[in-house]
Amino acid sequence: MGTTLALSLRMNAGTKARKPNLDSLREQARDCRACDLWRRATQTVFGEGPARAQAMLVGEQPGDAEDLQGHPFVGPAGALLDRALVDAGLDRNKLYVTNAVKHFKWEPRGKRRLHKTPAQQEIEACHRWLEEEIAILHPRLIVCLGATAARAVTGRPVKVGDSRGNIVELEAGPALLFTVHPSFVLRVPGDARKHAYDALVADLKVAADYLD
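Notes on the structure follow. All figures in this text were calculated on a predicted structure; none of them were measured in a lab.

Thoughts on the overall build of the protein
Then, number 1: On a plain count of helices and strands, the protein comes out with nine helices and seven strands.
Then, number 2: Its C-alpha atoms give the protein a radius of gyration of 16 Å, near enough to 17 Å, the size a compact globule of 212 residues would have.
Then, number 3: The principal-axis extent of the C-alpha atoms belonging to the protein is close to 50 × 40 × 30 Å.
Then, number 4: Residues counted as buried form 50% of the 212 residues belonging to the protein.
Then, number 5: The long-range fraction of contacts in the protein, counting pairs at least 24 apart against all pairs at least 6 apart in sequence, stands at 76%.
Then, number 6: Total accessible area on the protein stands at roughly 10,500 Å², and carbon and sulfur atoms take up 50% of it.
Then, number 7: One way to put it: in the protein the 30 positive side-chain charges average out to a point 3 Å from where the 26 negative ones average out.

Have a look at this one:
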């Protein structure tokens, strides 16, 4: 976790040097041109939630519904996440929800726009916004939803399957919890989906217990 620790220290140092707020940061991100994803996206989809949220949930990127509506986690994966949060005893209205990448990356498939995983350079280009969101919020806990989010937060590859469901406390900065992205649960076929959903809820319950 050395990279994560260095990252958290850099975030804390940045907060002392400047104190932007979420509204001004959202306005700046609206016109972001740091990579080419903006060219095919409808709009920037920034994080949402209270400025004093104790926990931040970080996903990968907006999906089709998020790109059209301009809000994070409002599509099928967001609906599943909402249900899982309720089952875990967490109130989404008290959480800050965002993504590592703020523009929808997609490829055409007939009349549909299908998700395409962001490249590392696109994650890095967008990292400024995530870093500043964390610096402004000072959350007690960051929940990384999936491998892309985990890599964006820690600065290194993370095997979510090996690390999920455990609180990682650092000497500086917020604690971390790794779990799967809700879209992963939606991709699990047949009866195995319930097991995948229950495992996601169990991970989120660890977050709820930690925040209590």
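Here's the deal with the packing of aromatic side chains
Then, number 1: All told, the structure shown has zero aromatic pairs when counted by the stated rule.
Then, number 2: In this arrangement the basic side chain of Arg33 is found over the ring face of Trp38, its NZ or CZ atom lying 3.9 Å from the centre.
Then, number 3: Here the guanidinium or amino end of Arg140 rests over the ring plane of Tyr210, the centre of that ring lying 5.0 Å away.

Comments concerning the side chain of Thr44
Then, number 1: With respect to the helices and strands, the residue Thr44 is situated in the loop between α2 (22-30) and β1 (55-59).
Then, number 2: Classification of Thr44 by relative accessible area gives buried; the value is 13%.
Then, number 3: Looking at Thr44, its side chain comes within polar contact range of the main-chain oxygen of Arg30, at 3.4 Å.
Then, number 4: Among the polar contacts listed, one links the side chain of Thr44 to the side chain of His103, at a separation of 2.9 Å.
Then, number 5: In contact with Thr44, other than residues within four places in its own chain, are Ala29, Arg30, Lys102 and His103.

Structural notes on the packing of helix α5 (residues 120-137) against helix α6 (residues 147-154)
Then, number 1: Two elements in contact, α5 and α6, have axes separated by 10 Å at closest approach and are oriented at 60 degrees. Judged on the interaxial angle alone, α6 and α5 are oblique. Here α5 and α6 pass one another in a crossing that is right-handed. Taken together, the residues of α6 that come into contact with α5 (itself represented by Gln120, Ile123, His127 and Leu130) are Thr148, Arg151, Ala152 and Val153.
Then, number 2: In terms of residue class, the contact of α5 with α6 is built from four nonpolar, three polar and one charged.

Rules of the game
- Residues numbered from 1 in each chain as written.
- Predicted model: local features only at pLDDT ≥ 70, side-chain atom pairs only at ≥ 80, totals over all residues.
- Heavy atoms only, no water.
- Helix = DSSP H or I, 4+ residues; strand = E, 2+ residues; numbered from the N terminus.
- Rg over C-alpha atoms; globule rule 2.2 N^0.38 Å.
- Buried < 20%, exposed > 50% of the residue type's maximum accessible area, 1.4 Å probe, protein only.
- Contact = heavy atoms within 4.5 Å.
- Areas by Shrake-Rupley, 256 points an atom, 1.4 Å probe, with all protein chains shown as cover.
- Lys, Arg positive; Asp, Glu negative; His and termini not counted.
- Charge placed at Lys NZ, Arg CZ, Asp CG, Glu CD.
- Phe/Tyr/Trp six-rings, centres within 6.5 Å; stacked < 30°, edge-to-face > 60°.
- Lys NZ or Arg CZ within 6 Å of the ring centre and 35° of its normal.
- Polar contact = N/O pair within 3.5 Å; in protein donor to acceptor, adjacent residues only side chain to side chain.
- Axes fitted to C-alpha atoms, helices over the stretch in contact; angles between N-to-C directions.
- Parallel < 35°, antiparallel > 145°, perpendicular 65-115°, else oblique.
- Left-handed = near helix turned anticlockwise from the far one by under 90°.
- Nonpolar A, V, L, I, M, F, W, Y, C, P; charged D, E, K, R; others polar.

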